[in-house]
Each structure stands twice: as structure tokens, then as C-alpha cells.
Amino acid sequence: MTVVSSVSPEGLHRVGARPKLIPYIRQAWGRRDFAYELARSRIEASNGRNRLGMLWVVLKPTLNALMYGAIFGVLQGSSKPPGFPMYVVIGVFLFEFFSQSMSQGAKSITGNTALVQSLSFPRITLPLSTVLQQLLTLVPMLGVMYVYCLILGARPSWSWFLVLPLVAIYTLFNTGVALVCARLTVHVRDLTHLLPLLTRVLFYTSGVLFSVDRILKMFPVMITLFDFHPIYQTLQIARGCIMGTDYPVEYWAFLSIWSVLMLAFGVIFFWKAEERYGRVD
């Protein structure tokens, strides 16, 4: 396993020095099999601890959709969007991918102290494996989501396949978020206690359970702000692809830009503190 080092004027090598960005990314790519196996083993271990195993992967968002759908369906009354049950199912299932990527990514370094301190490898592999784990978990969730949509009256169409590139773009965004949170929690451990609150705030402000156009129709400025909300854009595109509802086509461009910028910032932000991770205590 390659050990990164820097050379002093005296010819001594400093072990654990941060490599340059491009070599660092190459090293991380070279550990892609490790990241995949780590993600897969975590899924197996998580399922092994639960009596219902993999079933919990789809039970959790299903129960959330039922609970929130019932409560907010009553609260919104006539302001509910058309096809409200399907609207909520798509929102809850896809938001789960984001929330788990962020929360689990935040703990990817601090939760693997022994691994970080005992082995030499690009630390970025850990948050990347966490997002990969959530992506692998999303696959059966998407299958169940489609089944629910069929039961609720959706008609299959070729546009359903557009959810695949949408998930790919969404994954880039979630990866950037996970990288930022992974570094922040190393510096500020208390952040892990605040993330559930932040996740809940994002859940209620991303259009998961309500139609922005209907709820905020008296505040057009607020509606305009949602046109630049990456999670909201993701949900609206997915609903448009599956339910056949209209959405601004430019959302694809906005979301792509958001995702690329978030990923680039996350990689650089995480890489800058590479030497700090080996001193996790």
C-alpha cells in the first residue's frame, strides 16, 4: 500500500503528508474496489443485525410516506397537488437518499478512527464508500417506488428511464455534501448532533410534502428561490418523469451545475484537511 510522504531538505521523508490534488484523486480511484467492498459489507452487516434484513430498506421510507402523507394531506386540504399520494412517495424515497448520504457521510471519518489511524490510504475513500452504500441501497428502493406509483395510477412511459441519469446527477451532489460534512465533523464533533435537525429542516423546505406553487402562491419571490433549490429540482424532475407533470426543463441544467460545483468544492475542501484525519481521536 502506497505511503504518501514529502521530502525535507535533509532528505528525510514525512509520512502521511498530503499529496497534490490530481495524484490524490488517482490514488482514490485506485482504491475503488476497496470502496465498493466496504459499502457492500456495510449493507450486509446492517441487514444482518435486523430481523427483517433488507426489508427495512423499503419499510422505513414507506412508513414515512404513509405517516407524513396522512398528516400533511389533511393539513393541506384543497392545496394538495394532483396525485398527492404518488407525489409524497417520490419525494420521501428520493429525499431518503440525500439525508442518509449526508448523515452517514458526516460520520465516515470519525466513525472509523481505528481504520484511519492504522492504515495508509486516501481518506476520501471513506465518505465515497458511504455514498456508494446509499446508492446501492437506493436501487431496491427505486424498484419499490415504481411499484407504488403503478398501484397509485401511474402509467409506465419512456420518461421513467430519465430517472437513471437524474439519480447519477443527484449522486454527485450528495457526494459533495457528504465530503463537506465528513471534514466538518472532524473539526467540530458536535455537528453530528445538529445534522438531524438540519436534515429535518431540509425535509420540510424541499417540497417533499407540498406543492410550492400552491402553498406559496402569495409569495412569488419565494417560488422563484425554489427554482434554484437542488433537492427541490431533483424531486420535481423525478415527479415530472414518473407522473407526467410539467416542470421547467432548465432544472436539468441548474441541477447539473449545482452537482458539479458541489462535488468539486467537496473534493477540494476534504482534500485540504487530508493530514488532519490521521490525528482523529
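That block above? That's the structure.
Here we summarise the structure given alongside this text.

Procedures and definitions
Residues numbered from 1 in each chain as written. Predicted model: local features only at pLDDT ≥ 70, side-chain atom pairs only at ≥ 80, totals over all residues. Heavy atoms only, no water. Axes fitted to C-alpha atoms, helices over the stretch in contact; angles between N-to-C directions. Helix = DSSP H or I, 4+ residues; strand = E, 2+ residues; numbered from the N terminus. Parallel < 35°, antiparallel > 145°, perpendicular 65-115°, else oblique. Left-handed = near helix turned anticlockwise from the far one by under 90°. Contact = heavy atoms within 4.5 Å. Nonpolar A, V, L, I, M, F, W, Y, C, P; charged D, E, K, R; others polar. Salt bridge = Lys/Arg side-chain N within 4 Å of Asp/Glu carboxyl O. Buried < 20%, exposed > 50% of the residue type's maximum accessible area, 1.4 Å probe, protein only. Phe/Tyr/Trp six-rings, centres within 6.5 Å; stacked < 30°, edge-to-face > 60°. Lys NZ or Arg CZ within 6 Å of the ring centre and 35° of its normal.

With that settled, consider the packing of helix α4 (residues 84-106) against helix α8 (residues 191-204). Two elements in contact, α4 and α8, have axes whose closest approach is 11 Å; the angle formed by their N-to-C orientations is 160°. Here α4 lies roughly antiparallel to α8, going by the angle between them. The crossing of α4 and α8 is right-handed. Contacts between α4 and α8 involve Val92, Phe95, Phe98, Ser99, Met102 and Ala106 from the first element and Leu195, Leu198, Thr199, Leu202 and Phe203 from the second. In the contact of α4 with α8, the residues fall into nine nonpolar, two polar and no charged.

Time to look at the packing of helix α7 (residues 163-187) against helix α11 (residues 230-243). At a minimum axis separation of 10 Å, α7 and α11 run at an interaxial angle of 170°. The orientation of α7 with respect to α11, classified from their angle, is roughly antiparallel. From α7, Val163, Leu166, Tyr170 and Phe173 reach across to α11, where they touch Pro230, Ile231, Thr234, Ile237, Ala238, Cys241 and Ile242. Looking at the contact of α7 with α11 residue by residue, the classes come out as 10 nonpolar, one polar and no charged.

To continue, consider the pattern of salt bridges. Going through the model one piece at a time under the given rule, you end up with two salt bridges. In this structure, Arg40 engages Glu37 in a salt bridge whose closest nitrogen and oxygen atoms are separated by 2.5 Å. Of this pair, Arg40 and Glu37 are both found in helix α2 (residues 32-49), three residues apart, which corresponds to roughly one turn of the helix. What makes Arg40 partly exposed here is its relative accessible area of 31%. Assessed through its relative accessible area of 37%, Glu37 is described here as partly exposed. A salt bridge links Arg40 to Glu44; the shortest N-O distance between them is 2.7 Å. Here the residue Arg40 and the residue Glu44 both occupy positions in helix α2, the gap between them amounting to four residues, near one helical turn. In this structure Glu44 comes out as partly exposed when scored by relative accessible area, which is 48%.

Let's shift gears to the packing of aromatic side chains. A complete count under the given rule lists 17 aromatic pairs for this structure. Here Tyr68 and Phe203 contribute two aromatic rings whose centre-to-centre distance is 4.9 Å and whose plane-to-plane angle is 45°, an arrangement assigned as tilted. Taken together, the positions of Tyr68 in helix α3 (residues 55-76) and Phe203 in helix α8 put the pair 135 residues apart, joining distant regions of the chain. Each member of the pair Tyr68 and Phe203 is classed as buried. Judged by centre distance (6.2 Å) and plane angle (25°), the rings of Phe98 and Phe173 are stacked. Here the residue Phe98 occupies a position in helix α4, and Phe173 occupies one in helix α7, the gap between them amounting to 75 residues. Per residue, the accessibility class of Phe98 equals that of Phe173, and both read buried. Across from the ring centre of Phe269, 4.3 Å away, lies the NZ or CZ of Arg183, which sits over that ring. The ring of Phe203 has Arg200 lying over it, and the distance from NZ or CZ to the ring centre is 5.5 Å.

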